[in-house]
Amino acid sequence: MLKHALVLTAVLSTTAAAQTDKAPSPTAEVRAAWKGVIVNITAAADELPESLYSYKPTPDVRSFGELFAHIAGSQKMYCAMALGDKVPGEGDVEMGAKTKAAIVAALKESNTYCEKAYTQADDKLTALVDVFGEKHPRFYTLIGNATHDGEHYGNIVTYMRLNKLVPPSSRPRSGGN
């Protein structure tokens, strides 16, 4: 009896271990990368005073506010591609939202919209879509969005440092981490 119990325990342990070793979904992995960046972008947008929304280090680059609005607009564009929805103009938000309140609201709305794109099943993201004149799987647009957000978070970090501010990703983390 003990021998049977040990064999059953070994089989159940092996089965449980095999279930926990399952590779994560590629979509879940790219969502985690996107979340790591967009959380910091949104925190910076929330925390910056409206007086800094017009700051730009040189006249030929976007201001803080224009960067946040550009991110919101491009996220809606990329995530619409991933969802198979009608694709809005990338510059729609940047041309329309001018106050901090409007820009932050547009950014948060684009985050909510993108959550739907990043929580799709992997098999939903294999259909081809037009991405700037080239055909790519919908999954490609999620990678493009996360990468694009990361590029612009780099701008935001630089702008914050030039204003003697500590970006969200450089702050001590709560919880002892």
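Read on for an overview of the structure. None of these values were measured; they are calculated from a predicted model.

### Remarks on the pairing of strand E2 (residues 134-137)
With four bridges joining them, strand E1 (residues 128-131) and E2 adopt antiparallel strand pairing. Residue pairing in the sheet places Val 129 in a bridge with His 136 of E2. Taking the residues between adjacent antiparallel strands as the criterion, E1 and E2 are bridged by two residues, where Phe 132 takes a positive phi near 55°.

### Details of the pattern of salt bridges
Enumeration according to the criterion identifies seven salt bridges in this entry. The partner of Arg 31 in a salt bridge is Glu 115, and the shortest N-O contact between them spans 2.9 Å. Of the two residues, Arg 31 sits in helix H2 (residues 26-47) while Glu 115 sits in helix H5 (residues 100-118), which places them 84 residues apart along the sequence. Note that Lys 35 and Glu 115 form a salt bridge whose closest N and O atoms lie 2.7 Å from each other. Of this pair, Lys 35 sits in helix H2 while Glu 115 sits in helix H5; the two residues are 80 residues apart in sequence, bridging distant segments of the chain. A single salt-bridge network, built from bridges that share partners, covers Arg 31, Lys 35 and Glu 115.

### Describing the packing of aromatic side chains
Using the criterion set out here, one finds seven aromatic pairs in the structure. Between the aromatic rings of Phe 64 and Tyr 159, the centroid separation amounts to 5.2 Å while the plane-to-plane angle is 75°, which identifies the pairing as edge-to-face. Taken together, the residues Phe 64 in helix H3 (residues 64-83) and Tyr 159 in helix H6 (residues 138-162) connect sequence positions 95 residues apart. With relative accessibility at 0%, the residue Phe 64 sits in the buried group. The exposure class assigned to Tyr 159 is buried, which follows from its relative accessible area of 5%. Three or more aromatic residues joined by ring pairs make a cluster, and in this case those are Tyr 53, Tyr 55, Phe 64, Phe 68 and Tyr 159.

What counts and what doesn't
Residues numbered from 1 in each chain as written. Predicted model: local features only at pLDDT ≥ 70, side-chain atom pairs only at ≥ 80, totals over all residues. Heavy atoms only, no water. Pairing = 2+ DSSP bridges. Helix = DSSP H or I, 4+ residues; strand = E, 2+ residues; numbered from the N terminus. Salt bridge = Lys/Arg side-chain N within 4 Å of Asp/Glu carboxyl O. Phe/Tyr/Trp six-rings, centres within 6.5 Å; stacked < 30°, edge-to-face > 60°. Buried < 20%, exposed > 50% of the residue type's maximum accessible area, 1.4 Å probe, protein only.

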